[in-house]
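# Structural overview
So the chains spell out like this:
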Number of protein chains: 2
Amino acid sequence: MKAVTTVKEVRELVKEWKKQGLSVGLVPTMGYLHEGHASLIKRAHEENDKVVVSDFVNPTQFGPNEDLASYPRDFERDCKICEEMGADLVFHPEPSEMYHEQHTFVDIDTLSETLCGVTRPIHFRGVCTVVSKLFNIVTPDRAYFGQKDAQQLAIIRKMVLDLNFDIEIVGCPIVREEDGLAKSSRNTYLSTEERQAALCLSRAVRKGQEVIAKGVASADVVASMREIIDAEPLAKIDYVSVVDALDMQPVDTVEKDVLVAMAVYIGKTRLIDNFSFNVD
Amino acid sequence: MKAVTTVKEVRELVKEWKKQGLSVGLVPTMGYLHEGHASLIKRAHEENDKVVVSDFVNPTQFGPNEDLASYPRDFERDCKICEEMGADLVFHPEPSEMYHEQHTFVDIDTLSETLCGVTRPIHFRGVCTVVSKLFNIVTPDRAYFGQKDAQQLAIIRKMVLDLNFDIEIVGCPIVREEDGLAKSSRNTYLSTEERQAALCLSRAVRKGQEVIAKGVASADVVASMREIIDAEPLAKIDYVSVVDALDMQPVDTVEKDVLVAMAVYIGKTRLIDNFSFNVD
């Protein structure tokens, strides 16, 4: 496995692979890899001849009061995981390699304006922009994203359609700790007490999965989930919502495929979790 | 030469060419081709193994009160010109092939906010979006744009850098009628009298080229050009500006490479013209 820091090096390698007719999978990450990322890399390795992992804490997707500076980093450990999971190339650029007086942004309306987009208004513009750049740098056949960031996944799928990227987007299931907590690089922020409190998210997911059914009012699903989170003193709800699985707009009744998503502060740490429900 | 209407057909052909190791040049146009377009196709033919011309009046770059509906079209004649100039493929999609509930847009700030961006606030967002789509559909090695749309050319160059498109942007000189009028599909809107009046643009360009020199105040260049246009009763100035050649921001004194650009209404027809001036 190789690790490189420049766009030029990535291009040269990928062009060599393409000349040999090899397929390329891309796993875009912000590093500090956990088993969720590992499952994406493993899947990419199974489905492609070559796998590129990008490891870049993307500044343009953080708001001014968010955790860009404190976001956890451990590149050496990341490389070990990438190698174990079968990656061929890790792209680990400096911010200055990715952005020089950036004036161009890829933005998506509607889908970015609900759920996490409410408290993080520039987040998905940053995501779409950096993912477009990575797509143009790596030119993968397939790209892998986790279902934990469900709104991000829906947005990337729509962006690929709208901008005609010739790339298959593969969504992969949430990986959880044994006690149910969804794996996240941000779990490292949690104190022992908060780590315990954070279980209210996955408990609420399970409750929602019990309550939801075709024809049920979204408000009932949400109420059943909020009750569980409200019972946890360290938890403060950002949102719990039932939205259309494609356009991320709120629905009143579960009559089509939906995403049930939430963001909850545990102390100062903002965690997300979700489940999808398909009608029929 | 082949003419196709679907993204799928373009992709299949281009992939076949790439497999054979052939280089591809793209000439994006809105059709109603004139000698300016022809010069781009000819240049693309000289520099690439295969040439794709897109012929698509892009709705997203027209404002609500602009000339989308009346924009001139003559696909049969376009095909003849493409073939004569050495094009291999003409891509002529319906709007529904290019846009289905588009939510994603590529936008560029700063460079799009001066000159034509003032009166056409969504124009360059539409241009960046459709050009990004065409780049992803055709995946050319080189793309050709005319210097007549100088702001567009500067914006595309910056977009390519910012989004890491692996495409060489080739800017080609303005092609003029014998009497100096810059070739434009919109010249067809002009009455005989207006056609005569429209010569004030190229006369102003020649005047500006005489006046400009390193250290000259931009206001003096602009004044010399405005004087010529103001003398023409059918002409109404939208703008005459001296801007930095790279970021399109106004400059007070000619001390670095600049673009001197203007937009002038001749009757109801809005025409543009410009020249570049390199210091040293």
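Each value, and the rule that gives it
Sequence order sets the numbering: in each chain, residues are counted from 1 along the sequence as written. Chains and ligands are labelled by the order in which they are written, letters from A for the one and numbers from 1 for the other. Local features in this predicted model are restricted to residues of pLDDT 70 or higher, and side-chain atom pairs are both shown and tallied only at a pLDDT of 80 or more, whereas totals for entire chains, interfaces and linings draw on every residue. The side-chain values count all of the structure's non-hydrogen atoms but skip hydrogen atoms and water molecules. Salt-bridge detection follows one rule: a side-chain nitrogen of Lys or Arg within 4 Å of a carboxyl oxygen of Asp or Glu. Numbering of helices and strands starts at the N terminus; helices are DSSP runs of H or I of at least 4 residues and strands are runs of E of at least 2. Here the copies are superposed with least squares, the fitted atoms being C-alpha atoms of residues at a pLDDT of at least 70 in both. Contact definition: two residues touch when any of their heavy atoms are within 4.5 Å. Put simply, the grid is 1 Å and covers the protein atoms alone, a cavity is a trapped set of points that fit a 1.4 Å probe, a pocket is an open set with protein on both sides within 12 Å along at least five of seven lines, and lining residues have an atom within 4 Å of a point. Grid points are joined across faces, edges and corners, and a volume is the space filled by probe spheres set on the points. For this classification, the nonpolar set comprises Ala, Val, Leu, Ile, Met, Phe, Trp, Tyr, Cys and Pro, the charged set comprises Asp, Glu, Lys and Arg, and every other residue, Gly included, is treated as polar. Buried surface area refers to the total accessible area, computed with a probe of radius 1.4 Å, that the two partners give up upon joining, counted for both partners together. The term polar contact refers here to a pair of N or O atoms within 3.5 Å; inside protein, the definition further demands a hydrogen-donor-capable atom paired with an acceptor-capable atom, and it admits residues adjacent in sequence only when both atoms are side-chain atoms.

### What about the pattern of salt bridges?
- According to the stated counting rule, one finds 34 salt bridges over all chains in the structure shown.
- Close ionic contact of Glu12(A) with Lys8(A) constitutes a salt bridge, the shortest N to O distance being 3.3 Å. You can see Glu12(A) and its partner Lys8(A) sitting in helix 1 (residues 7–19), four residues apart, about one turn around the helix.
- It is possible to trace a salt-bridge network through shared partners that takes in Arg11(A), Lys15(A) and Asp166(B).

### Here's the deal with the relation of the copies chain A and chain B
- With an RMSD of 0.0 Å, the operation that places chain A on chain B is a rotation of 180 degrees combined with a shift of 0.0 Å along the axis. Such a combination of turn and shift is consistent with a two-fold rotation axis. Within chain A, the C-alpha atom positioned nearest to the axis of rotation is that of Val106(A), 2.2 Å from it.
- Comparing contact sets, 100% of the residues at the interface of chain A also lie at the interface in chain B, consistent with an isologous, same-surface contact.

### A word on empty space enclosed by the protein
- Per the stated rule, a full pass over the model turns up one cavity of 30 Å³ or more.
- Estimates place the volume of the largest cavity at around 30 Å³.
- Lining the largest cavity are Val106(A), Ser132(A), Asn136(A), Leu163(A), Phe165(A), Val106(B), Ser132(B), Leu163(B) and Phe165(B).
- Of the residues belonging to the lining of the largest cavity, the class tally is six nonpolar, three polar and no charged.

### Considering the interface of chain A and chain B
- Facing 27 residues of chain A, the contacting portion of chain B comprises 27 residues.
- Of the roughly 2,300 Å² buried at the junction of chain A and chain B (both faces included), carbon and sulfur atoms supply 42%.
- When residues of chain A are sorted by the area they lose upon contact with chain B, His103(A), Thr104(A) and Asn164(A) head the list and together hold 29% of the total.
- Taken together, the connections running from chain A to chain B amount to four salt bridges.
- Across the salt bridge formed by Arg11(A) and Asp166(B), the nearest N and O atoms sit 3.7 Å from each other.
- Seen at the junction of chain A and chain B, the total is 26 residue pairs in polar contact (both at pLDDT 80 or more).

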